[in-house]
Amino acid sequence: MKEGQITADYQRKRRELEEDEDILKNTQRTGEQLIQETLSDIYRIVQQSAIDSEPFDRAKQSIMQVENDYHEALSRAKKQLYQQQEKLEQDYRNDLQKANKE
């Protein structure tokens, strides 16, 4: 394969990975916003109804556990994406070296 084609393929794949990274970042922002809105809504309902805060505390704990699980899943997805980016870079350099030797 020629150097120009190798570079074009690399750039296309790199753009795809960057788009995936943007999607992850947007997903993280949206998720965090939803979690905070949910906690605020629950807290507001508890304050308005003047009920025992124990159910709120349990709900908050559950939401915090979901939030932790959510962050762990996002971290795994980011790690996988960064590994793909690193592999792409390495493959690109190797392919260029091979093309230059030919």
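Residues numbered from 1 in each chain as written. Predicted model: local features only at pLDDT ≥ 70, side-chain atom pairs only at ≥ 80, totals over all residues. Heavy atoms only, no water.

Engineer: Looking at this structure, how should I read the packing of helix 1 (residues 3-49) against helix 2 (residues 54-101)?
Structural biologist: The packing of two helices is summarised by the inter-axis angle and the distance between the axes. With their axes 10 Å apart at the nearest point, helix 1 and helix 2 run at an angle of 175° to one another. Classified by the angle their axes make, helix 1 and helix 2 are roughly antiparallel. Class assignment for the residues of the contact of helix 1 with helix 2 results in 21 nonpolar, ten polar and eleven charged. (Axes fitted to C-alpha atoms, helices over the stretch in contact; angles between N-to-C directions. Helix = DSSP H or I, 4+ residues; strand = E, 2+ residues; numbered from the N terminus. Parallel < 35°, antiparallel > 145°, perpendicular 65-115°, else oblique. Nonpolar A, V, L, I, M, F, W, Y, C, P; charged D, E, K, R; others polar.)

Engineer: Help me understand the pattern of salt bridges in this model?
Structural biologist: It is possible for side chains of opposite charge to pair when their charged atoms get near one another. With the rule as written, the count across this model stands at seven salt bridges. Between Arg12 and Glu16 there is a salt bridge, and its shortest N-O distance comes to 3.3 Å. On the criterion of helical spacing, the pair formed by Arg12 and Glu16 is a turn pair, its members being four residues apart in helix 1. For Arg12, a relative accessible area of 36% gives the class partly exposed. Judged by its relative accessible area of 39%, Glu16 falls in the partly exposed class. For the salt bridge of Lys25 with Glu21, the shortest nitrogen-to-oxygen distance reads 3.9 Å. Within this pair, Lys25 and its partner Glu21 are both found in helix 1, separated by four residues, close to a single helical turn. Take Lys25: its relative accessible area is 38%, and that puts it in the partly exposed class. (Salt bridge = Lys/Arg side-chain N within 4 Å of Asp/Glu carboxyl O. Buried < 20%, exposed > 50% of the residue type's maximum accessible area, 1.4 Å probe, protein only.)

Engineer: Is there a simple way to think about the UniProt feature "coiled-coil region" (unreviewed entry) in the protein in this case?
Structural biologist: Taken from the UniProt record, the annotation "coiled-coil region" (unreviewed entry) applies to residues 7-37 and 71-102. Between the first and last C-alpha atoms of residues 7-37 the distance is 45 Å; the span itself is 100% helix and 0% strand. Across residues 71-102, helical content stands at 97% and strand content at 0%; the span's end C-alpha atoms are separated by 46 Å. (UniProt positions renumbered as here; feature names shortened; annotations may be inferred.)

Engineer: What should I look at first to understand helix 1 in this one?
Structural biologist: Every α-helical turn comprises 3.6 residues, leaving residues that sit three or four positions apart pointing alike. Counted at 1.5 Å a residue, the expected span for helix 1 with its 47 residues is 69 Å, and the 69 Å between its end C-alpha atoms agrees. Where helix 1 is concerned, the buried positions are Ile6, Tyr10, Leu17, Glu21, Leu24, Gln28, Gly31, Ile35, Leu39 and Val46. Its buried side turned inward, helix 1 meets helix 2. (Expected span 1.5 Å × (residues − 1). Contact = heavy atoms within 4.5 Å.)

Engineer: What's the story with the nonpolar core in this structure? I'm lost.
Structural biologist: Listed in full, the ten residues of the largest apolar core are Ile6, Tyr10, Leu17, Leu24, Leu74, Leu81, Leu88, Tyr92, Leu96 and Ala99. Those elements giving two or more residues to this core turn out to be helix 1 and helix 2. At six residues, helix 2 tops the list of elements feeding residues into this core. Excluding anything up to four places from it in sequence, Leu96 contacts Glu3, Ile6 and Thr7. (Core = buried A, V, L, I, M, F, W, Y, C linked by side-chain atoms within 4.5 Å.)

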